[in-house]
Each structure stands twice: as structure tokens, then as C-alpha cells.
Amino acid sequence: MTTPAQTESTEAEAPTSVEAQAPTSVVLTDVAAQKVKALIEQEGRDDLRLRVAVQPGGCSGLRYQLFFDERSLDGDVVTDFDGVGVVVDRMSAPYLSGATIDFADRIDAQGFTIDNPNAGNSCACGDSFN
């Protein structure tokens, strides 16, 4: 059973050559890792990891998905951040290479944010980029 953590709609450009790029994983900040740990504890399960994926949709073609998952799929890139497993599937990895996931908890913003070096321009809604 998967449990949605939060879905953020954003866009990303595909790298021009998957072979030309080393498979670099995402980075989870300490603040985001603490928030993910707290959310997993609320679920009462110890087999969940944060899965980050890129799916079709959004204003310009792609959007991020963040959710808890216990599955292991062929080609997954798994990285541990202070006891928090972050999983990226092989199709999403090129779009997320070098991206940083953080958690904002301010009066003007709350939720997970993704700073992605593969992103081009952002749209007016602030949730999409190309």
C-alpha cells in the first residue's frame, strides 16, 4: 500500500543524452529528512521509503510525485539520508539528477520543495517549470 506524502506539480526538461550523464541521485536536506521520518512514524510502518518520480502532466509536460512506497523496482536508485531511504526509478533519474529536496515550514510556504538543476523556466503558478 502506498501513502501519498504530497504531490507537487512541476515540469522538467529531459537531458539531451542519458548516457552522457552519470546517474546522480537526488539530495534530501536534513530538514526534509526529519520531516519524512516524522511522517513515516505517523504511518506506523518501518518499511516505507520516500519515492520521488517524474510523471507526465503539469503546465509544460512533467510534474514531480513524492509518495511513500515499500516496493523495490528494477533499476531503482536508492539513497539513504540519515536513515531515510529515497528511491528514484530509472526513468525519472535523468530528470532528477542533482535535484535537492527540502521542506519549508514558514508563514508564506509549507511543504516539500525541489530545486532541480535540470529545470528551465517556471510558469506563473510557481509549481511548474520546463
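Each remark here, short or long, concerns the structure printed above.
Cut-offs used in this document
Throughout this description, residue numbers start from 1 for each chain and increase along the sequence as written. With the structure being a predicted model, the display of local features is reserved for residues of pLDDT at least 70 and the display and counting of side-chain atom pairs for 80 or more, all residues being used for whole-chain, interface and lining totals. Remark: hydrogens and water are excluded; side-chain values derive from all non-hydrogen atoms of the structure. Any two of the Phe, Tyr and Trp rings considered here, Trp counted by its six-membered ring, make a pair once their centres fall within 6.5 Å; the pair's planes then place it as stacked at under 30 degrees, edge-to-face at over 60, or tilted in between. Relative accessibility decides the category of a residue: with a 1.4 Å probe and only protein chains considered, values under 20% of the type maximum give buried, values over 50% give exposed, and everything between is partly exposed. Here a strand is any run of E in DSSP of at least two residues, a helix any run of H or I of at least four, and the numbering for each starts at the N terminus. For the charge count, each Lys or Arg is scored as positive and each Asp or Glu as negative, with His and the chain ends excluded. Any Lys or Arg side-chain nitrogen located within 4 Å of an Asp or Glu carboxyl oxygen qualifies as a salt bridge. Polar contacts, as used here, are pairs of N or O atoms within 3.5 Å; protein pairs need one atom able to donate a hydrogen and one able to accept it. Residues neighboring in sequence count only if both atoms are side-chain atoms. Every residue pair with non-hydrogen atoms within 4.5 Å of one another is taken to be in contact. Here, any two strands with at least 2 DSSP bridges between them count as paired. To obtain each axis, a line is fitted to C-alpha atoms, and for helices this fit is confined to the stretch in contact; angles are then taken between N-to-C directions over 0 to 180 degrees. Note on terminology: a nonpolar core comprises buried Ala, Val, Leu, Ile, Met, Phe, Trp, Tyr and Cys residues joined through side-chain atoms within 4.5 Å.

(A) Broad picture of the packing of aromatic side chains. All chains considered together, the criterion is met by one aromatic pair. Aromatic pair Phe103 and Phe112: ring centres 5.0 Å apart, planes at 65°, arrangement edge-to-face. Overall, the relative accessible area of 11% leaves Phe103 in the buried class. Overall, Phe112 belongs to the buried group, its relative accessible area being 6%.

(B) Geometry of the side chain of Arg49. By the element assignment, Arg49 lies in strand 3 (residues 49-57). No salt bridge is formed by the buried Arg49. Its closest oppositely charged neighbour is Asp76, at 5.0 Å. Looking at Arg49, its side chain comes within polar contact range of the main-chain oxygen of Arg71, at 3.0 Å. When neighbours within four sequence positions are excluded, Arg49 is seen to be in contact with Phe67, Phe68, Asp69, Glu70, Arg71, Ser72, Val78, Gly85 and Val87.

(C) Structural detail: the sheet that holds strand 2 (residues 27-28). Read across the sheet, three strands follow the order 2-7-8 without closing on themselves; strand pairing throughout is mixed. For this open sheet the edge positions go to strand 2 and strand 8 (110-115), each flanked by a neighbour on one side alone. Helix 1 (residues 30-43) rests against strand 2, strand 7 (100-105) and strand 8 of the sheet, and its axis sits at about 75° to strand 7.

(D) Examining the pairing of strand 3 more closely. Bridging between strand 3 and strand 4 (residues 61-69) involves nine bridges; their strand directions are antiparallel. The partner of Leu50 across the bridge, within strand 4, is Phe68. One ladder, built from three bridges, connects strand 3 with strand 6 (residues 84-88); its direction is parallel. In the sheet register, Leu50 faces strand 6, and the bridge partner there is Val86.

(E) Seen up close, the pairing of strand 8. Pairing between strand 7 and strand 8: six bridges, direction antiparallel. Counterpart to Ile101 in the pairing with strand 8 is Ile114. A loop of four residues connects strand 7 with strand 8, the two strands running antiparallel in sequence.

(F) A look at the nonpolar core. Membership of the largest hydrophobic core comes to 26 residues, with the highest contact counts inside it found for Leu28, Val52, Leu66, Ile101 and Phe112. Only helix 1, strand 3, strand 4, strand 6, helix 2 (93-96), strand 7 and strand 8 provide two or more residues apiece to this core. In terms of residues, this core owes the most to one element, helix 1, which gives five residues.

(G) Up close: the side chain of Ser25. Relative to the helices and strands, Ser25 resides in the loop between strand 1 (3-6) and strand 2. Taking relative accessible area as the criterion, Ser25 reaches 16% and is therefore assigned buried. Side-chain polar atoms of Ser25 contact the side chain of Thr79, separated by 2.7 Å. With residues up to four places along the chain from it excluded, the contact list for Ser25 reads Val77, Thr79 and Gly98.

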